Amino acid sequence: MTPAELEQRLRAAHDCDAWLAAVAEYFDAHGLVFGHGTDNASDEAFWLLRHLQGWAEVDWRAPPPVELLPRALAVAEQRVARRKPLAYLLGEAWFAGLRFVVDERVLVPRSPLAEVIELGFAPWCTLGTGDCVLDVGTGSGCIAIAVAHHCPEVIVDATDVSRDALAVAAQNIELHGVTQRVTLFEADLFPAGEQRYRIIVANPPYVPEREAAALPPEYRHEPAIGLASGPTGFDAALRILAGAAERLTADGVLFLEVGAGADAFAALHARLPLIAIELTRGGDGVFVVTAAELREYLRGP
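Residues numbered from 1 in each chain as written. Predicted model: local features only at pLDDT ≥ 70, side-chain atom pairs only at ≥ 80, totals over all residues. Heavy atoms only, no water.

A word on the pattern of salt bridges. Under the criterion given, the structure shown has 17 salt bridges. Across the salt bridge formed by Arg79 and Glu44, the nearest N and O atoms sit 2.5 Å from each other. One end of the pair, Arg79, is in helix α4 (residues 69-82); the other, Glu44, is in helix α3 (residues 41-52), with 35 residues separating them in the sequence. One salt bridge in this structure joins Glu186 and Arg163, with 2.9 Å as the shortest N-O distance. With Glu186 in strand β5 (residues 182-186) and Arg163 in helix α8 (residues 163-175), the pair connects residues that are 23 residues apart, well separated along the chain. For Arg163, a relative accessible area of 62% gives the class exposed. When salt bridges with common partners are traced through the structure, they connect Glu44, Arg79, Arg83 and Glu218 into a single cluster. (Salt bridge = Lys/Arg side-chain N within 4 Å of Asp/Glu carboxyl O. Helix = DSSP H or I, 4+ residues; strand = E, 2+ residues; numbered from the N terminus. Buried < 20%, exposed > 50% of the residue type's maximum accessible area, 1.4 Å probe, protein only.)

Listed below in structure tokens is the structure:
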């Protein structure tokens, strides 16, 4: 399907569903790769339309206003020509039910940890007023802000080694009005000092370097520092395991995402009782382990 054919289809659409079907067909015809907030062309077409509509309530039986057409065509053509994730083209992404400002300084939010956060980390941990949570490698700030939103009784610290990423996170913290409860630190994994946390949550880079170089073009628009982590992909995760024991409270819990390499990561730590969380909305590779279990493991056999 050519851009001209797409325009013809959109102009002829008799309702929103027909409009979405045309955009999805256009995306599929050009072999786009999804995985930055959606996993298929139809959902991405829906995201584009709802963004253009300002996420307002609309009559789905009527076609979208014709004045949306130029912007829709421009974004769709860029998505195909540049293979840039839609989140970057729109300047927004959604995580845990919240909207975040994003650009190419940060990864597009998509962690399955959203489901865990929305449940308040239950049943693995019950947070109380004044408990402290640490988000390691915050990027856009999506995890830290989502924790502050869904667990309003807690204080959240968030780290990132990238000043560019921290600038985006600061913008999102302001956007969501949580400046009093979310504090950013420029740090390599853990902030300086001796603050201990009831929960440490980490979605570090976990793609092996060779695999990162071969990822589809959509992923190569993202900062490499947020994707690749050494030959096995586990460099950052291993450092988090080694350091978390000293930064968790006695009853603390670590939530660690390692993605598709979860089985290999668990095999490396056979003595450590890592529990793989079953996620109802899809996604995998999220482990939970208590501070006591982690300290026992680090003491050795």
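This next bit is on the packing of helix α2 (residues 16-29) against α3. The N-to-C vectors of α2 and α3 enclose an angle of 125 degrees; their axes lie 8 Å apart at closest approach. Comparing their axes, α3 and α2 come out oblique. When you trace α2 past α3, the crossing you get is right-handed. Side by side, α2 and α3 meet where Cys16, Trp19, Leu20, Val23, Ala24, Phe27 and Asp28 of the first sit next to Ala41, Ser42, Glu44, Ala45, Phe46, Leu48, Leu49 and Leu52 of the second. Grouping the amino acids of the contact of α2 with α3 by side-chain chemistry returns twelve nonpolar, one polar and two charged. (Axes fitted to C-alpha atoms, helices over the stretch in contact; angles between N-to-C directions. Parallel < 35°, antiparallel > 145°, perpendicular 65-115°, else oblique. Left-handed = near helix turned anticlockwise from the far one by under 90°. Contact = heavy atoms within 4.5 Å. Nonpolar A, V, L, I, M, F, W, Y, C, P; charged D, E, K, R; others polar.)

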